Amino acid sequence: MCLLLCTCLFGAQPNVVLIVADDMGWGDLGCYGSKQNSTPHIDRLAREGMKFESFYATQAVCTSSRCALLTGCYPNRLGLGGTALPPASKVGLHPEEQTLATLLRSAGYRTGIVGKWHLGDHARFLPPAHGFDESLIVPYSNDMWPVGYFVGDASRRKMYPELRWIVDGVPFGAIDDWTDMDNLTVMQGFRATKFIRDNAGAGRPFFLYLATSMPHTPLGASRDFKGKGPTPYAETLADLDDVVGYVLAALREKGVENDTLVIFTSDNGPWLNFGRHAGVTGGFREGKGTTWEGGVRVPCIVRWPNQVPRGVATPALAANLDLLPTVVAACEVAGPRRPIDGQSLLPLLKGEKPAVREVFTYYYGDKLEAIRRGKWKLHLPHTYRSYDDMKPAEHDGAPMKTQQKEIGFALFNLETDPGERTDVKDAHPEVVAALKELAAKERAALDAGKRPVGRL
């Protein structure tokens, strides 16, 4: 009887494929307006699903964003705000935190991760300790290696150890040179499609988290795309899109396309000081590492045949910390024991509500730098990295120098001014006062619920 019950339950549960690109800008995909980059497979996802126009990475940096994605929490609640953990970090995601993989595996899902992890590289913090049955990962960003940003660059040689693959928690081989970097996306795609083929139709649903290392610099592209695009970034993106196509083809080949919830997004906005090796924001201000829209507003597409309407673009406010409660609700599994900050988007995806989230708070590190309610965004006084007026680097692929700038209280209407160019605080003092009060309440609520970071 129990086996029959489980079979019936699993038959009703979708598979889940969560694809997260690294440093992809809001304006980098064809379906988001790019005229330069070729992304036909991701564009097809948008035609067959729902595209979010106002979707946010919870913080505009690698570790913090991935923490929010997998836990449904603001990362500074868990001690991981504003960081990209280095090799041999003494901290990481606390083993007692329940990730999306933990929750799904507890409900009978087969869980796998392929790609970038960046939540701690000690065994205590790696994917096997956080709910993943199978894992083939790069433990942190692909620029944390000794080879540099371009051929001949020695600037990082003494900064980092070799960049290792880690398979099911065990180091296995390394990404040693530019040939390995060029093949990185293809290798990750190969393992992702293998996971699908091994687990589709195997008697229980699966969850695949494909976190591509690209298009984070240093860029790489396989021989099918290398040297054949208008920019190195366009070549890398075409390579990544091709891998997405292979993943979608594997779902169709195994007959589970209509039973699989597919989500595509990016961990933060583009790293603009890398020029032709970086993406674009689509007109939003600033980029990665900031709480301006260019740093945190990212693409997000959700396809779930027969559940999510096709070809819909929604202006609804949402963030990557909302994905855990959304997937949990879609899969009808138990949610986390501890409080989280995310809100399920399932009513929005199914057309039952026009919006779910009204408020979003923009943290960097543990500093609350801005708050949004509806169309209004109030910046609080803070310093920030600015990509304005950069001088070209001496070598293509090397980073340009950014500037430090300051902003005081500033109010923007994101409906009429999504580029945050016109401060209207003097015309709307009542809105400023209300948002200041809301910011104080949000700050106090998060502080009251902070939990310890994982430590060695």
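Report on the accompanying structure. Per-chain numbering applies: the sequence of each chain, read as written, is numbered from 1 onward. Local features in a predicted model are, by the rule used here, given only for residues with pLDDT of at least 70; side-chain atom pairs are given and counted only at 80 or more, and totals for whole chains, interfaces and linings are based on all residues. The side-chain quantities take in all heavy atoms of the structure and omit both hydrogens and water.

Below, the discussion takes up the packing of aromatic side chains. Ring geometry is summarised as follows: Phe, Tyr and Trp rings, the Trp one being its six-membered ring, pair when their centres sit within 6.5 Å, and such pairs are stacked at plane angles under 30 degrees, edge-to-face over 60 and tilted between the two. Taken as a whole and assessed by the stated rule, the structure comprises 17 aromatic pairs. With centroids separated by 6.0 Å and ring planes inclined at 90°, the aromatic side chains of Trp-117 and Phe-132 adopt a geometry described as edge-to-face. With a gap of 15 residues between them, Trp-117 in the loop between strand E4 (110-116) and strand E5 (134-138) and Phe-132 in the loop between E4 and E5 connect regions that are remote in the sequence. With respect to class, Trp-117 is no different from Phe-132; both count as buried. One aromatic cluster is present, formed by Tyr-56, Tyr-74, Phe-360, Tyr-362 and Tyr-363 through successive ring pairs. Whether a charge sits over a ring comes down to the Lys NZ or Arg CZ being within 6 Å of the ring centre and within 35 degrees of the ring normal. Over the ring of Trp-271 we find Lys-288; its NZ or CZ atom is 3.9 Å from the centre of that ring. By definition, any uninterrupted DSSP run of H or I lasting at least four residues is a helix, any uninterrupted run of E lasting at least two residues is a strand, and each is numbered from the N terminus. Using a 1.4 Å probe on the protein chains alone, a residue whose accessible area is under 20% of its type maximum counts as buried, one over 50% counts as exposed, and one in between counts as partly exposed.

Further remarks concern the pattern of salt bridges. Only one rule defines a salt bridge in this text: a Lys or Arg side-chain nitrogen within 4 Å of an Asp or Glu carboxyl oxygen. Counted by the stated rule, this structure contains 31 salt bridges. Here Asp-341 ties to Arg-77 by a salt bridge, and the two come within 2.7 Å at their closest N and O atoms. Here Arg-77 lies in the loop between helix H3 (62-71) and strand E3 (91-92) and Asp-341 lies in the loop between helix H9 (323-331) and helix H10 (346-349), a separation of 264 residues in the sequence. This pair shows no difference in class: Asp-341 is buried, exactly as Arg-77 is. Measuring nitrogen to oxygen at the nearest pair gives 3.4 Å for the salt bridge that ties Arg-164 to Glu-162. Given a relative accessible area of 39%, Glu-162 falls into the partly exposed group.

All right, on to the pairing of strand E8 (residues 206-211) then. Burial of E8 is extensive: 6 of the 6 residues sit out of reach of the surface. As defined by bridge partners, E4 adjoins E8 across 6 bridges and the pair is classed as parallel. Bridging across to E8, Gly-112 finds its partner in Leu-208. Two strands form a pair only when DSSP identifies at least two bridges running between them.

This next bit is on the sheet that holds strand E12 (residues 359-364). Within the open sheet, the 4 strands sit side by side as E12-E13-E14-E17. Their pairing is antiparallel. The sheet is open, and its two edges are formed by E12 and strand E17 (410-413), each paired on a single side. Neighbouring strand axes in the sheet, compared pairwise and without regard to direction, differ in orientation by 20° on average. Pairing analysis gives 6 bridges linking E12 to strand E13 (residues 367-373), with the strands arranged antiparallel. Across the sheet, residue Tyr-364 finds its bridge partner in E13, namely Lys-367. What makes two residues a contact is simply this: any of their non-hydrogen atoms within 4.5 Å. Between N-to-C directions, angles span 0 to 180 degrees; the directions come from axes that are lines fitted to C-alpha atoms, helices contributing only their stretch in contact. Along the sheet, helix H11 (residues 429-448) contacts E12, E13, strand E14 (376-379) and E17; its crossing angle with E13, the most-contacted strand, is approximately 125°.

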